[in-house]
Amino acid sequence: MFEPFIRANFMRFKGIYDRSPSSARNLLTSARGWFLTRIRYSPKSRQFLSELRAHENWNREEIDEFQLGALRKIIDHARKTVPYYKGYPQIHIACLQDLRLFPLLTREEFRLNQNAFLSETTPPRLRIRAGTTGTTGANLKVAYTEELARENWAFLLRQWAWAEIEEREPRVTFFGARIVPMKRTKPPYWTLNRPERQTLASIFHLSDRTAPDYLDFLEQHRGQVLEGFPSVLGMLADFALHSGRTIRMRVVFTSGEPLYPDVRAKIEQAFHARVYDSYGMTEYCGQIQECERGQMHLIPEYGFLEILDENNVPARPDEEGYFVWTGFLNRAMPLIRYRIGDRGRWLAGPHCACGRAFQRVLPTITRESDILHAIDGRLFSPRALNQLLKESNSLRFCQFVHDRPGRVVVRAVASNGNAVADMMQIRARLQELLGQKMKVTAELATAPLMRPGGKIPLIVNQVAE
Ligand SMILES: [Zn+2]
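Residues numbered from 1 in each chain as written. Predicted model: local features only at pLDDT ≥ 70, side-chain atom pairs only at ≥ 80, totals over all residues. Heavy atoms only, no water.

### Here's the deal with the coordination of the zinc ion
Coordination angles at a metal have ideal targets, namely 109.5 degrees for four tetrahedral donors and 90 or 180 degrees for six octahedral donors. Around the zinc ion, the protein contributes the donor atoms Cys291 (SG), His297 (NE2), Cys352 (SG) and Cys354 (SG), at 2.1 to 2.3 Å from the metal centre. Classification of the site at the zinc ion rests on its four donor atoms, whose angles at the metal span 104 to 119 degrees, yielding the label tetrahedral. Sequence positions of the donors to the zinc ion reduce to the motif C-x5-H-x54-C-x1-C. Each of the two residues, cysteine 291 as well as histidine 297, counts as buried. (Donors = N, O, S within 2.8 Å, 3.2 Å for Na, K, Ca; no water. Tetrahedral: all angles 85-135°; square planar, octahedral: opposite > 155°, others 65-115°. Buried < 20%, exposed > 50% of the residue type's maximum accessible area, 1.4 Å probe, protein only.)

Dropping the structure here:
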């Protein structure tokens, strides 16, 4: 009950919070942490976690059987309690493939009818609302419940167990929470959540000038778990490597953005720790997590995943397509065959060495990163354009901004003196890639373009399609 209240009154609390001295902020963060901790570590959540751990022995048939039951349950619930699904076709789902008989739901359709997706069985006072950011920045408010927050946490704890991390292991967190006032110019840029033994660090105060403070801060938390957005941890790794410091952390967990291989390598080198990546979304309809053998697994209890090509035909293994999710857990706002805008592919080949029969799937593009559309129709994914940056090590950030038809700006933030040369080389390579019909320019900037929530996309598409 506390969480819906906090969310609803967020802006008011934010004002009080921003005006408080740092010791009071620690106290407020810890007070909220105490409530979250009560949700996360209740006997119910421990029970759920131990069930999840037992599911790791499932074989393929057991997984299919579970998913078929979960699909029937959520579709039945949606039809009975959610206005949007009232007229949904009355189809008996005899096998998993039967799900394809239901219509696809695009993100735009969901956005335009968002309130029609609220289940009538969840009283408004139990609804937690959270906004998500899309490529257009168009606002989408998702609803979920405390119960779901608790279940979601158990999935996170299961991945921690794969990494041999126990609950409430001390950790340092670099996600998009605004935890110190924006205008603050000296440390601390972090605040403490005591019940969770978590230190939250601001990602909005990171710069050349503040980097030494951040590295000293990490040094003080040496040996702890580190978690955050890949781009931010990559930037911290750059700072550490350039100043000749390695700071040994226990394990690194990344999520929220695609994790490119070179960024992973950099993070692992700077922090002497294994990186465990994961993919999830604010809509709470699916999850993909990396196991201890470095493979990304679809989490079968969370949601059902289809990967479809441009013609809505299931993609073959190793063929990239659109993710279409049917979530099992979010009964407050069920989404059926939700085409979220992210892409990825099934991985073929033998079972993972970890022994779990969970399918392997690789997310390739998330909606936070736009796709670059060339004039001749070619589409470039962030993963593709990331290749252009491989040999440049003097840039803190480099983004490709498609700011008007026929023009792309290479927008770089320098890290050291070779930045201009590196930037111009990237410009030349991109020009070669896109051809002479497109104009590619370059400019140095002092800070990267950031989306609300703090994510830093590689490609920023400002041209209406
Ligand atoms: Zn595995």
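Now that the structure has been shown, the text picks up again.
### Thoughts on the packing of helix α4 (residues 43-55) against helix α7 (residues 146-162)
The geometry of a pair of packed helices is captured by two quantities: the angle between their axes and the separation between those axes. As a packed pair, α4 and α7 sit with axes 9 Å apart at the nearest point and diverge in direction by 50 degrees. With respect to their mutual orientation, α4 and α7 come out oblique. As for how α4 packs across α7, the hand of that crossing is right-handed. Contacts between α4 and α7 involve Lys44, Ser45, Phe48, Leu49, Leu52, Arg53 and His55 from the first element and Arg150, Glu151, Ala154, Phe155, Leu157, Arg158, Ala161 and Trp162 from the second. (Axes fitted to C-alpha atoms, helices over the stretch in contact; angles between N-to-C directions. Helix = DSSP H or I, 4+ residues; strand = E, 2+ residues; numbered from the N terminus. Parallel < 35°, antiparallel > 145°, perpendicular 65-115°, else oblique. Left-handed = near helix turned anticlockwise from the far one by under 90°. Contact = heavy atoms within 4.5 Å.)

### Here's the deal with a nonpolar patch on the surface
On the surface, Val420, Met424 and Leu444 cluster together to form a nonpolar patch covering roughly 250 Å² of accessible area. With respect to the helices, strands and loops of the structure, methionine 424 is situated in helix α12 (residues 419-434). (Patch = residues over 30% accessible without salt bridge, like charges linked within 9 Å, V, L, I, M, F, W, Y side chains within 5 Å. Areas by Shrake-Rupley, 256 points an atom, 1.4 Å probe, with all protein chains shown as cover. Salt bridge = Lys/Arg side-chain N within 4 Å of Asp/Glu carboxyl O.)

### Concerning the packing of aromatic side chains
All told, the structure shown has 25 aromatic pairs when counted by the stated rule. A centroid spacing of 5.0 Å and a plane angle of 85 degrees characterise the contact between phenylalanine 110 and phenylalanine 117, whose relative ring orientation is edge-to-face. The residues phenylalanine 110 and phenylalanine 117 share a single accessibility class, namely buried. Ring centres of tyrosine 144 and tyrosine 284 lie 4.6 Å apart, and the angle between their planes is 45 degrees; this geometry places the pair in the tilted category. In this pair, tyrosine 144 is assigned in strand β3 (residues 140-144) and tyrosine 284 in the loop between β9 (275-279) and β10 (288-290), connecting sequence segments 140 residues apart. The residues tyrosine 144 and tyrosine 284 share a single accessibility class, namely buried. Feature note: the residues Tyr84, Tyr85, Tyr88, Phe102, Phe110, Phe117 and Tyr338 constitute an aromatic cluster, connected by ring pairs. Just above the ring of tyrosine 276 sits the side chain of arginine 274; from NZ or CZ to the centre is 4.3 Å. In this structure, arginine 339 packs its charged tip against the face of tyrosine 322, placed 4.0 Å from the ring centre. (Phe/Tyr/Trp six-rings, centres within 6.5 Å; stacked < 30°, edge-to-face > 60°. Lys NZ or Arg CZ within 6 Å of the ring centre and 35° of its normal.)

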